[in-house]
Amino acid sequence: MKLVVVSAGLSSPSSTRLLADRLTAATLHQVDAEVEVVELRDLATEIARHFVTGFPPARLAAALDAVAAADGLIAVTPVFAASYSGLFKSFFDVIDKDALTGKPVLVAATGGTARHSLVTEHALRPLFTYLRALVLPTAVYAASEDWGEEGLAARISRAGAELARFMAPSVTAADAAPDVDTAAAIAPRSAHGAITSVDPADGFQVVPFAQRLAALRPAD
């Protein structure tokens, strides 16, 4: 099983990489996986060259192949102009359009102020939804004042557990109940029915709304 971590931090060390590392540790606490980290700042020139030539240089090609082959993905970006960074977006612009289909993705971001906390919802989640990934319900945003706070640690732990469960659906914490809320939140929806099965290993069962409503009516 393989977990790939994409970090778009520009400095070294960076808070973006620190958040990525903590999310990775939280995931590995729940599931055993090989980890590969893709540092986008090391690939900036290769990404630009790919846009110009249409062909990825060797290091970029290896990173793109790693993401495509991953069982789960952690994607973390710093906030630039109230959205993901240009480097982060450029990397996912050159990835194959089908590479993330059905892949569980944990999205996260770092910023200097809590006012950007919704960047995970208005920017990151739509991006990966467009790429047909399974974006986990818990996205993690860390402002400067969040570091060391219990709230951030709790969000990291929850997000890591969610990713682990969707990388290996049979894996849960020893004393934890199945995460029904998580599965139901990211299950595909139908125009004609509602999802009732929450085990990704068994698939998602669509039950007509009329049948669901009939089951709710009081017996005569």
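Only a predicted model underlies this, so the values are computations on that prediction, with no experimental measurement involved.

### Remarks on the pattern of salt bridges
Thought 1: Throughout the structure, instances matching the rule amount to 11 salt bridges.
Thought 2: A salt bridge links Arg132 to Asp98, with the shortest nitrogen-to-oxygen separation between them at 2.4 Å. Remark: Asp98 occurs in the loop between helix H4 (86-94) and strand S5 (104-111) and Arg132 occurs in the loop between helix H5 (119-130) and strand S6 (134-135); sequence separation between them is 34 residues.
Thought 3: Classification of Asp98 by relative accessible area gives partly exposed; the value is 38%.
Thought 4: Notably, a salt bridge pairs Arg158 with Glu162, separated by 3.2 Å at the nearest N-O pair. Of this pair, Arg158 and Glu162 are both found in helix H6 (residues 150-167), four residues apart, which corresponds to roughly one turn of the helix.
Thought 5: The network of salt bridges with shared partners includes Arg17, Asp21 and Glu39.

### Regarding a nonpolar patch on the surface
Thought 1: Where nonpolar side chains cluster on the molecular surface, the patch consists of Leu28, Val35 and Val37 and spans about 180 Å² of accessible area.
Thought 2: Looking at the element boundaries, Val35 is found in strand S2 (residues 34-39).
Thought 3: Take Val35: its relative accessible area is 32%, and that puts it in the partly exposed class.

Reading the values: the criteria
- Residues numbered from 1 in each chain as written.
- Predicted model: local features only at pLDDT ≥ 70, side-chain atom pairs only at ≥ 80, totals over all residues.
- Heavy atoms only, no water.
- Salt bridge = Lys/Arg side-chain N within 4 Å of Asp/Glu carboxyl O.
- Helix = DSSP H or I, 4+ residues; strand = E, 2+ residues; numbered from the N terminus.
- Buried < 20%, exposed > 50% of the residue type's maximum accessible area, 1.4 Å probe, protein only.
- Patch = residues over 30% accessible without salt bridge, like charges linked within 9 Å, V, L, I, M, F, W, Y side chains within 5 Å.
- Areas by Shrake-Rupley, 256 points an atom, 1.4 Å probe, with all protein chains shown as cover.

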